[in-house]
Amino acid sequence: MHPLPRSTTTTRDHPVEEYPTSPREVAEDIVGRAEAPWPRWRWLVLALGALFLLGVVGLALRVGQGGDHTRWGYYAALLGFLYTVAGGAPIVSVATRMAKAHWRRPLARIAEVYAVVGVLTLLLFIPLMGVIPPAEGRNTIWIVGGVRQGWPPGAPVAYDLLTLVMVALGGLALLWIAAIPDLAALRDRGRGGLTALLSLGWRGTLRQWQVHRAALGVAGGLYFIAYVGGCIPFASDLVLSFVPGWKDSIFPAYYALSGLQAGLAAVVVTAFFLRTVGGYRRYIHVDQFWGAAKLLLALSLLWAYFHWSAFLTFWYGRTPTGQNLQVLLYFGPYRPLFIASLFLNWLIPLFAFLIGPVRRSVLGPTLVSFSILVGALLDRIRLHVATWSVPDPRGHTFEAVPPPVPLGVADGLLLVGGIGGALLLYVLALRFFLPMSAWEMKELTYLRVVRPFLKTRAVVLGKPE
Amino acid sequence: MAERGVLGLFTSAEAAASAGAALREAGVEFEVLTGSPYPEGAFGEHTPPHRLYVFPLVGALCGFSVAILLTAGTQLAYPLVTGGKPVLSIPPMAIITYEGTMLGAILFTVLGVLFESRLPRPLLGLYDKRITLEGWIGILVRGEEGLLGPVERILREHGAVEIKRG
Amino acid sequence: MQERRDLSDRQINRDLLWPVLYTPLWFWVAVLALGLVVSAGAGAAAWWMNKGPGVAGLNRPIMWGHLIVTFVFWVGISHAGVMLSAILRLTQAEWRRPMVRAAEVLTVFSLATAALFPLLHSGRPWRTLYWVFPYDFSRGIWPNVRSPLVWDPSAIFTYLTGSALFVFVTLLPDLAALRDRTTGIPHRIYSLLALGWRGTPRQWRLQALAGILLSALILPVFVSVHSIVSWDFGMAVSVEGWHATVFAPYFVIGAVHSGVAAVVTLMALMRWLFRWEDYIRSEHFDAIGRLLIVVATAWFFFFALEFLFGLYLREPQEVALRQAQVFEWPYNLLMILFLLTAYFIPVPLWLFRKVRRNVALMFWTSVLVNVGMWLERFLIIVPGLARKQIFTFEWSVYRPSPIEILMVTASFALVALGILVFAKVFPLVPVNEAKEGQVLKAEIRVGRRTVPAIVREQ
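Criteria and cut-off values
- Residues numbered from 1 in each chain as written.
- Chains lettered and ligands numbered in written order.
- Predicted model: local features only at pLDDT ≥ 70, side-chain atom pairs only at ≥ 80, totals over all residues.
- Contact = placed C-beta atoms within 7 Å.
- Helix = DSSP H or I, 4+ residues; strand = E, 2+ residues; numbered from the N terminus.
- Nonpolar A, V, L, I, M, F, W, Y, C, P; charged D, E, K, R; others polar.
- Pairing = 2+ DSSP bridges.
- pLDDT = per-residue confidence, 0-100.
- Axes fitted to C-alpha atoms, helices over the stretch in contact; angles between N-to-C directions.
- Buried ≥ 20, exposed ≤ 12 C-beta atoms within 10 Å, placed from the backbone.
- Core = buried A, V, L, I, M, F, W, Y, C linked by C-beta atoms within 7 Å.

Chemist: Help me understand the interface of chain A and chain C, please; the structure alone is not making it clear to me.
Modeler: Where interface size is quoted, it is often the accessible area lost as the parts come together. Taken residue by residue, the interface counts 38 residues in chain A and 34 residues in chain C. Elements supplying a minimum of two residues to the side of chain A that touches chain C: helix 9 (251–276), helix 10 (286–317), helix 16 (438–447), strand 1 (448–453) and strand 2 (456–462) of chain A. At eight residues, helix 10 of chain A tops the list of elements feeding residues into the side of chain A that touches chain C. The class makeup of the residues in the side of chain A that touches chain C is 24 nonpolar, ten polar and four charged. Here five bridges tie strand 2 of chain A to strand 2 (residues 449–457) of chain C, and the two strands are oriented antiparallel to one another. Of the residues in strand 2 of chain C, the one forming a bridge with Val459 of chain A is Arg456 of chain C.

Chemist: Got a minute to help me understand the confidence of the model for chain C in this structure?
Modeler: For residues with low pLDDT, the predicted coordinates do not support detailed interpretation. Residues and elements named next belong to chain C. Here chain C shows a mean pLDDT of 92. Residues at 70 or above account for 99%. Within chain C, no element has a lower average pLDDT than helix 6 (residues 128–132), which sits at 82, and none a higher one than helix 14 (residues 346–350), at 97. The ipTM, which scores confidence in the relative placement of chains, is 0.94 for this predicted complex, and the corresponding pTM is 0.93.

Chemist: It is not clear to me how the sheet that holds strand 3 (residues 137–144) of chain B should be interpreted in this structure. Could you clarify?
Modeler: Two pairing modes exist for strands in a sheet, parallel and antiparallel, and in both the strands are linked by backbone hydrogen bonds. Residues and elements named next belong to chain B. Spatially, 2-3-1-4 is the arrangement adopted by the four strands of the open sheet, whose pairing is antiparallel. Looking along the sheet, the strands with just one partner apiece sit at the ends: strand 2 (31–33) and strand 4 (162–165). Adjacent strand axes in the sheet meet at a mean angle of 25° when their direction is disregarded.

Chemist: In this structure, what is going on with the environment of Phe251 of chain A? I would like to understand it.
Modeler: All names here are of chain A. You can see Phe251 is positioned in helix 9. Under the C-beta neighbour-count criterion, Phe251 is labelled buried, with 23 such atoms within 10 Å. Setting aside anything within four residues of it in sequence, one finds Phe251 in contact with Ala235, Val239, Leu240 and Ala310.

Chemist: Looking at this structure, I do not really get the interface of chain C and chain B. What am I missing?
Modeler: Taken residue by residue, the interface counts 54 residues in chain C and 52 residues in chain B. Each residue belonging to the side of chain C that touches chain B can be placed in one class, and the counts come to 28 nonpolar, 14 polar and twelve charged.

Chemist: What exactly am I supposed to notice about the nonpolar core here?
Modeler: Note that soluble globular proteins tend to have their nonpolar side chains buried in a common cluster. Judged by nonpolar contacts, the single largest core of 296 residues is most densely connected at Leu82 of chain A together with Leu106, Val260 and Val263 of chain C. Of all the elements, helix 10 (residues 247–274) of chain C adds the most residues to this core, at 17 residues. When sequence neighbours within four positions are dropped, the list of residues in contact with Val260 of chain C reads Ala80, Met83, Leu84, Ile288, Leu291, Leu292 and Val295 of chain C. Residues Val450 and Val460 of chain A, Phe43 of chain B together with Ala442 of chain C belong to the second largest nonpolar core, which totals 35 residues.

Chemist: Help me understand the pairing of strand 1 (residues 3–10) of chain B in this model?
Modeler: Looking along a regular strand, one sees the side chains alternate between the two faces of the sheet. Residues and elements named next belong to chain B. Taken together, the eight bridges between strand 1 and strand 3 define a ladder with antiparallel strand orientation. Looking at the pairing, Leu7 lines up with Leu140 of strand 3. In the sheet, strand 1 pairs with strand 4 via four bridges, with the strands oriented antiparallel. What sits directly across from Val6, in strand 4, is Arg165.

Below is the structure:
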């Protein structure tokens, strides 16, 4: 048997970044410095907290200004953005774990911690419950036996709330289960209180690891179903049903997919910061950005494909409702937003990632991810503001395109504050749960070795299953 | 002097790799013939760069141009309005243009692969069937007659089971 | 759990090339039987062309029946090749090795078979040239670029050409092995086809790049092909249940579902008929079974979207259609069968590892899936057409004629015959992939356990 060598230097023409080679190194590096202060930590928390407070001011202004649902489009857009981005990010961990890719390990915890933002999303929905018009007279998915409206009771807001509760709880459960071994490691390093409680007395027996793996699989699968399935009521109740006569079966799938794209982009951007200023360069290599870039390219192409599928159907059908819908969402008052998101979410990722050196770099995927995140926000604004601007959502045909709703002071403060609040929550949770999944990185130390192969060097990847 | 060649046949990859290292040390360029792919550089060989990526780009451009001309041309040649759609309808054109672009890219990629692989090659030259049949590895050196003697010696020293000249 | 074998190049050549070099008796029996069925189908097609489409059970308003259902079905099956070959190449999944070529060949033959159906359905296939070929044939009439029926040939032609070239390019190293293994006329033919392949590092590097590049190019084409086929229905406003935005991804994911299941069927048959237990192992069925769970569930999500949002506007005609599909004979029975066979029987079974690793069970569940997926296409096409007009006296029932049934049956025989003949001439499991798998095989010692590993270039 080959002894496991220490990972050393280079191969071919360029230096290759190497991971730590022993579980002890990982423990010291990741778990050991958990309590060490982060650079400029206090300023980061203060800044994000200040932004969040601005958002609270914005909310107070919005409530104070009154009005019906047509004034709340930007708030709904914020909610939609946070739901899809923060809801889609943990899917990165779930899907790549299912595919058994080793490159995903440093990104797993970064993705899972985004689940905590689901709590904020849930809280943000509460003010909207009084604003969303009742289901009577509107086209909604809520039907049971025949064509009665207003059934089941509480539709739609009660079930949208339930969706957000399920996604928040499911995400938190996934995060918690994934973090148990690391919480136990922190507990053993002296951290008490909530950490010790959440570690559930973990000792790392063989049986516990087996159950842990099964639980992760189940939690991941359930979360996936909750998020993607939840996009059906969420997207249809908060976008589709505000426009009379808008029947669009692909829209919930598009909503979920664009969330996955933006969620992965958020993970990439976070990984970049952790690598450059967070001190995790030893764990976050080009490989992570390269793997994510390939997925982002596929998701960007799918983004365009779903858009095209919907657009072509309406364009070809040439029904009056379909044509008015195209004016509302694509070619009318919100055309700049549509064109911007077309570039930011599709064309920029496509042409950037066609170039090999850009795809296989650290900065390339990061910049493209920024572009995707901005595009996702603009896309949500386009969808929610445009549809919520329709004054009367009842009926079966969409006959008049309303004028655009400009961004007000309250709306701007809400957007900034909401995103600031989400980031604040994320940063606090990242510090609590550890930014890197130490147990998964320890596992990598014995499943990935670099060995000589004849006259070259090769990576040997263990595949236990 | 005319260029000749010598082919050393090895039954193990390790022996072939050590022969390759020795040849490299002696400053001799060589080619490796194998019946299955090995990681790049496994025998210490140097593979010149390729320009395969140019081919799909050129092909895509050609396919795009042909498809645009075809779709625009047929629509303008028979300007009948169908289904209330404009005569020059961009979405249907986009679909067929997309297919044409991809077809052009694929065709040129295949041509590129063959071209960069230096295929077709009418004559096999120095070769041995056991490379594919038995998994033997061939180390092929081309050069002037004077070079081949020392090369042959190096190959035998590192475990070549058979030497062929051509 | 992996059950890797240590195999020499000589053994791999012997095991994987024997169907090409020797012909067992069952091969001739199978060719004869399939040939007879194909001939019967050809006879039915000739009858159709001679007597006209009236020999079918088609009548207003159901003008598309078994033949178009089968067209969509075979286009769907053809997506197997790209799904497995391209995506698994791009993700460098080791378990793709024994199935890539079979999947690609299944693509080529199923797509070619699919293309026959719209041609035959027209009743006068030669006339279709006027409709799609960009030339006015002295009539001043050019193809209608705005019709999805004209988009179809461009997509199918691109995909067929791309897949066929993909098969050829990746076949080159194996053609070289056959060239070296044979003598006489076969040797000359294989020498010609092998194009002088010698196995230099440059050629291997370009093979790997070709695999990745062609996979990356064919993947968008694969998505577009079945989307365009779906738009044959999705663009039509007049038929209830058809004009839905979700049709394109719904059809594509359905194609992947049925295609991957068809590959499982093919893998099991290959393992049994060619005795390839060392190459097509339980671990491969396990891996593909797990993939099928994900694909099937994604497909079910899109099916739920299509059904739910069909009822979204509560249009009376749409509601009538869905009521017919769920409650009225014969569609209600077909709907139950479809749901059971396409999802609710196979997927719960696949959740169990013992089932996934059982070749016979995987074979039968994969066949069930394709029965269900054929029914799915039937339930999309026929009930919608049956309810096409709002006047109930126009509503009719479709009963397929023996001619249609014969042609559909013959299509299955045609695809099987094509693959069988291919297997006689070229190796169905890539020999060079099997050899590369041996080269890249490694182990890592962790404590007392030896973990199987893969070598990757750094």
